[in-house]
Amino acid sequence: MKTAKLITMGCKANQYDTQSMRETLQRNGYRLVDEEMSGQQTDLYLINTCTVTNVADQKARQAIRRAIRQYPNAKVLVTGCYAESDREAIEEIPGVTFVFGNREKADFQHYLDLLHTETPSSTGELAHTSNPLLSIEPVQHDAIREHARFSKGVSDAGKRTRALIKVQDGCSAFCTYCIIPYVRGRMTSRPLDDITKEAYRIADSGIKEVVITGVHLGAYGMDTGRDKDIADILEHIHDIEGIERIRFSSIEPMYFPDTLGERMAALPKCMPHFHLPLQAGSDAVLQQMRRRYTTTEFAHLVGNLRRGFGDDVGITTDIMVGFPGETDAHFEESCQFVEDIGFSQLHVFRYSPRKGTPAATYPDQVSPHISAARSQTMIALGERLNTAFRQRMLGKQKEVLIEASREGENDHLAGFTDNYLRVLIDAPESAINQIQRVTLGSLEGDCIAAA
């Protein structure tokens, strides 16, 4: 039997795409080999890349070269955002079989068919001149006009206890620092009927929690005249028997529908956790980023969510430091705003110039040692806020979906509360994929140990 290994880099949209391609491989007779199982050779190695930062590009190149070195007889396929942004550079790496972009993922079956009809060269690689995927000119995409494309979806989440459902792809926001609109295409909504059918398949597989994912969730329906929005998706999935939890991966604040919070609060299966990427707590920096909201509007949104879901609602975010032109005063504003909001968790990252984006050409680029210092300061603030939020939850009862993962000093099973806190539970294997009500007892590292 043919074997394949897959590696996913980057966001949940990429994770979903990998799952879809994984199922295509299985339908074609491939047995999937765990990446962590060293020493096992494989026939095909698929790398789904990210390009959100320069570091992501570097990690992608390292992963490609490592795969070629460790699996010299494998056909190495590279896709994802880095494959869109710098396809030619990847094709020049000796040992890469072929490269295909995000929009071509929907045609993965076609590419497998082409791969299987090719005759290997004497070196075991597909000859560049005979492989139609390498001999054709790279597709030139116009991100402003071209829509994203969707695969046929997924049937289950494998061994996971939660499943991703991608409901839209692409982005038309064009924030000044971001390469994503150029590599994922224009914002495109997936038909509601397709989404609902996929949710039914996932429920039939025994999965209890679904995570609604995409690149710009709040903009769902904008390309179709807003006849349906993201709340309509939630209401359709909410009625499916077997699905007991629904949550978002991330939703941008600038396109958060006015009625979404209220409609979600009326749906018991919707989890009280929102990842709202803030990026900066300074209005001047937000304007330079072209984020299309102010700190006052962001705070108003968070206030509405807390009124609708209660003070236990988890509000997590992304914060960028070192954006061009960010002064000490701007950074202090960001820290104060983050403190005032009281996020339950921060994801902090340093600005990285992306070739082809407006911000890469901005004057007043912040020096690396200043952005590094600001990053450490913001990370420390985030850790303090996270600890305070978790301490406030101690003694409360929460429902936890138990995963097949053992963690902590006592090797207990782990899972997430409704508001996205990691909890360790002393429970038998039979509790995996079950929702259990526990009392939150004490802090244990980044987790909470059940009493």
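Predicted model, so just to flag it, every value in this text is computed and none were measured.

*Asks:* So what exactly am I meant to see when it comes to the sheet that holds strand β9 (residues 209–213) here?
*Replies:* What holds strands together in a sheet is hydrogen bonding between their backbones, with the strands either parallel or antiparallel. Pairing within the open sheet is parallel, and its 3 strands lie in the order β6-β9-β10. Where the open sheet ends on each side, the last strands, each with one partner, are β6 (162–166) and β10 (245–248). Strand-to-strand, the axes of this sheet are offset by a mean angle of 25°, without reference to chain direction. Both β6 and β9 contribute to a ladder of 5 bridges, which runs parallel. The residue bridging Arg162 from the neighbouring strand is Glu209, located in β9. Set on the sheet, helix α1 (residues 12–27) makes contact with β6 and β9; between it and β6 the angle comes to about 100°.

*Asks:* What is the right way to look at the pattern of salt bridges in this model?
*Replies:* Opposite charge on two side chains makes pairing possible when the charged atoms of those side chains draw close. Taken as a whole, this structure holds 29 salt bridges when the rule is applied. Residue Arg87 is joined to Glu104 by a salt bridge in which the shortest nitrogen-to-oxygen separation is 3.1 Å. With a gap of 17 residues between them, Arg87 in helix α4 (residues 87–91) and Glu104 in the loop between β5 (96–99) and α5 (108–117) connect regions that are remote in the sequence. Between Glu252 and Arg291 there is a salt bridge, and its shortest N-O distance comes to 2.5 Å. Of this pair, Glu252 sits in the loop between β10 and α10 (260–265) while Arg291 sits in the loop between α11 (283–289) and α12 (295–309), and the two are 39 residues apart along the sequence.

Conventions used here
Residues numbered from 1 in each chain as written. Predicted model: local features only at pLDDT ≥ 70, side-chain atom pairs only at ≥ 80, totals over all residues. Heavy atoms only, no water. Pairing = 2+ DSSP bridges. Helix = DSSP H or I, 4+ residues; strand = E, 2+ residues; numbered from the N terminus. Axes fitted to C-alpha atoms, helices over the stretch in contact; angles between N-to-C directions. Contact = heavy atoms within 4.5 Å. Salt bridge = Lys/Arg side-chain N within 4 Å of Asp/Glu carboxyl O.

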